[in-house]
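Structural features, examined
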Amino acid sequence: MSRALHQRSILIRALRTSIKQSEQQVKSVHSDSGDPRFYSLIQQGNAMFLDEQRRSGILSHKITVNGVRLHFETTGDGPHTVLLLPGALGSSRTDFSKQLSDFDKKEYTLVAFDPRGYGKSIPPTRTWPLEFLQRDADDVNGLCQKLGLKQASVMGWSDGGITAMILAAKNPDLVKNLIIWGANAYITENDMKIFNSIRDIDTWSEAMRSPFMALYGEEYFRKQWSNWVDAYQAYYEKRSGDICKDDLKKIKAKTLIIHGIKDPLVPLEHPDYLHHHIKGSRLYMLPEGKHNLHIRYYREFNFLVENFLRSSMKSPSHL
């Protein structure tokens with residue numbers, strides 16, 4: 001065997017050994033742990049991959065938080081950690097595939113989680129206490145504690161945006177930057193009419209319905225979607241429509257609110273209200289955007305968010 005071939009053989013064996021070790025490391029990280037070094041172990045596992053593998057790969061994990069096994073995914077190895085919180089019955093992959101794949105992995109480490117009863121965080125079956133979004137925020141905070149995260153930027157879509165606002169209000173030291181879209185702090189009679197109009201999933205387009213059907217199956221999805229509408233009805237009736245209005249003044253994070261002008265689910269009054277009640281927030285209107293603007297216009301969305309995050313790191317706090 002020539003010297004060049006021999007060296008190549010040694011390199012290939014070393015690479016295979018490294019990948020095998022990294023897979024074993026990731027497997028150990030996947031198991032439940034209360035170790036405060038949990039997140040650093042994930043990063044160590046990532047570091048054993050080649051640059052391109054590390055930056056393009058998406059790793060899956062489960063960990064017990066508040067008595068429930070929560071699923072989350074990580075990708076990237078950048079110094080800036082970003083949490084991604086999905087919308088109603090959403091999951092990391094159904095809601096954030098274009099962010100997980102296209103964000104700059106050298107700048108950011110993305111952590112996308114499935115709320116309890118959603119996605120791969122089943123079991124348990126999703127339940128709907130009166131303040132279910134407040135419970136989700138507590139779960140995200142518990143996840144951050146388990147991962148040893150002291151500070152992060154948070155991106156939240158729809159219900160995830162509400163969860164993100166509650167999280168930021170309750171944990172100002174944790175949430176440095178906040179990006180929300182399709183979110184609202186209260187529910188009106190008109191909002192409930194909109195929600196009830198989409199209760200029956202048979203009225204949805206196939207394109208809207210199929211990702212949920214693939215994730216949950218028809219029975220679970222049909223039941224839980226109806227339960228979601230009922231849960232908002234409870235906010236409307238038992239809390240006079242107030243979801244988290246008092247929390248807005250407590251948000252210290254630099255905040256970017258994005259809204260699609262053509263969003264059929266969230267009327268313009270909601271982003272306007274958030275903009276006026278979250279101190280120092282910025283509001284960006286996407287003329288052709290609908291509720292899923294980060295999916296339909298993901299290039300513009302990602303560019304906007306990444307630039308906001310970069311500028312927030314350079315500029316002093318607005319407080």
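Computed from a prediction, not measured in an experiment: that's the story for all the values here.

A few words now on helix α7 (residues 189–197). By the burial criterion, the buried members of α7 are Asp191, Met192, Ile194 and Phe195. On an axial view of α7, the arc spanned by its buried residues comes to 155°, and they lie on one face. Of the exposed residues in α7, the ones pointing more than 90 degrees away from its buried face are Glu189 and Lys193.

Glancing now at the side chain of His294. Within the secondary structure, His294 sits in helix α11 (residues 293–296). Within the structure, His294 has its side chain in polar contact with the side chain of Trp181 (distance 3.1 Å).

Of all hydrophobic cores here, the largest spans 63 residues; its most connected members are Met165, Leu178, Trp225 and Tyr232. Beyond its immediate stretch of four places on either side in the chain, Leu178 contacts Val154, Ala164, Met165, Ala168, Ile251, Ala253, Lys254, Thr255, Leu256 and Phe308.

Our next topic: the packing of aromatic side chains. For the structure shown, the criterion picks out 20 aromatic pairs. Ring geometry for Trp204 against Trp225: centres 4.9 Å apart, planes inclined by 90°, an arrangement best described as edge-to-face. Pair noted here: Trp204 is in the loop between α7 and α8 (206–216) and Trp225 is in helix α9 (residues 218–238), with a separation of 21 residues, a long-range link. There is no split in this pair, since Trp204 and Trp225 are both buried. Judged by centre distance (6.2 Å) and plane angle (55°), the rings of Phe221 and Trp225 are tilted. One end of the pair is Phe221 and the other is Trp225, both in helix α9 and four residues apart, which spans about a single turn. When sorted by exposure, Phe221 lands in the same class as Trp225, which is buried. Taken together, the ring pairs connect Tyr118, Trp128, Phe132, Phe195, Trp204, Phe212, Phe221, Trp225, Trp228, Tyr232 and Tyr235 into an aromatic cluster.

Let's shift gears to the pairing of strand β6 (residues 175–181). The element β6 is largely enclosed, with a buried count of six among its seven residues. In terms of strand pairing, strand β5 (residues 152–157) meets β6 through six bridges, oriented parallel. Note that in β6 the partner of Trp157 across the bridge is Trp181. This β-α-β element, β5 to helix α6 (residues 159–170) to β6, shows right-handed connectivity. Taken together, the five bridges between β6 and strand β7 (residues 254–260) define a ladder with parallel strand orientation. Across the sheet, residue Leu178 finds its bridge partner in β7, namely Thr255.

A few words now on the side chain of Arg209. Inspection of the secondary structure puts Arg209 in helix α8. A polar contact of 2.8 Å, which involves the side chain of Arg209, links it to the backbone oxygen of Ile201. Residue contacts for Arg209: discarding those within four places in its chain leaves Ile201, Asp202, Trp204 and Phe221.

On to the confidence of the model for the protein chain. Looking at the protein chain, pLDDT values average 87 and 81% of them are 70 or higher. Residue range residues 14–35 is modelled with pLDDT below 50. Its contacts to residues more than four positions away, or to other chains, number 32 contacts.

Turning next to the pairing of strand β8 (residues 282–286). Pairing of β7 with β8, which is carried by five bridges, proceeds in the parallel orientation. Bridge pairing links His259 to Met285 in β8. Crossover β7 to β8 through helix α10 (residues 269–277) is right-handed.

Close approach of charged atoms allows side chains with opposite charge to pair. Applying the stated criterion to the full structure yields 14 salt bridges. One salt bridge connects Arg116 with Asp139, and the closest N-O pair in it is separated by 2.7 Å. Residue Arg116 is located in the loop between β4 (108–114) and α5 (132–147), and its partner Asp139 is located in helix α5; the two are separated by 23 residues in the primary sequence. No difference in accessibility class separates Arg116 from Asp139, as the two residues are buried. Across the salt bridge formed by Glu206 and Arg209, the nearest N and O atoms sit 2.9 Å from each other. You can see Glu206 and its partner Arg209 sitting in helix α8, three residues apart, about one turn around the helix. The network of salt bridges with shared partners includes Asp200, Asp202, Glu218 and Arg222.

Quick notes on the rules
- Residues numbered from 1 in each chain as written.
- Predicted model: local features only at pLDDT ≥ 70, side-chain atom pairs only at ≥ 80, totals over all residues.
- Heavy atoms only, no water.
- Buried < 20%, exposed > 50% of the residue type's maximum accessible area, 1.4 Å probe, protein only.
- Helix = DSSP H or I, 4+ residues; strand = E, 2+ residues; numbered from the N terminus.
- Arc of directions from axis to C-beta.
- Polar contact = N/O pair within 3.5 Å; in protein donor to acceptor, adjacent residues only side chain to side chain.
- Core = buried A, V, L, I, M, F, W, Y, C linked by side-chain atoms within 4.5 Å.
- Contact = heavy atoms within 4.5 Å.
- Phe/Tyr/Trp six-rings, centres within 6.5 Å; stacked < 30°, edge-to-face > 60°.
- Pairing = 2+ DSSP bridges.
- Right-handed = clockwise from strand over helix to strand, strands pointing away.
- pLDDT = per-residue confidence, 0-100.
- Salt bridge = Lys/Arg side-chain N within 4 Å of Asp/Glu carboxyl O.

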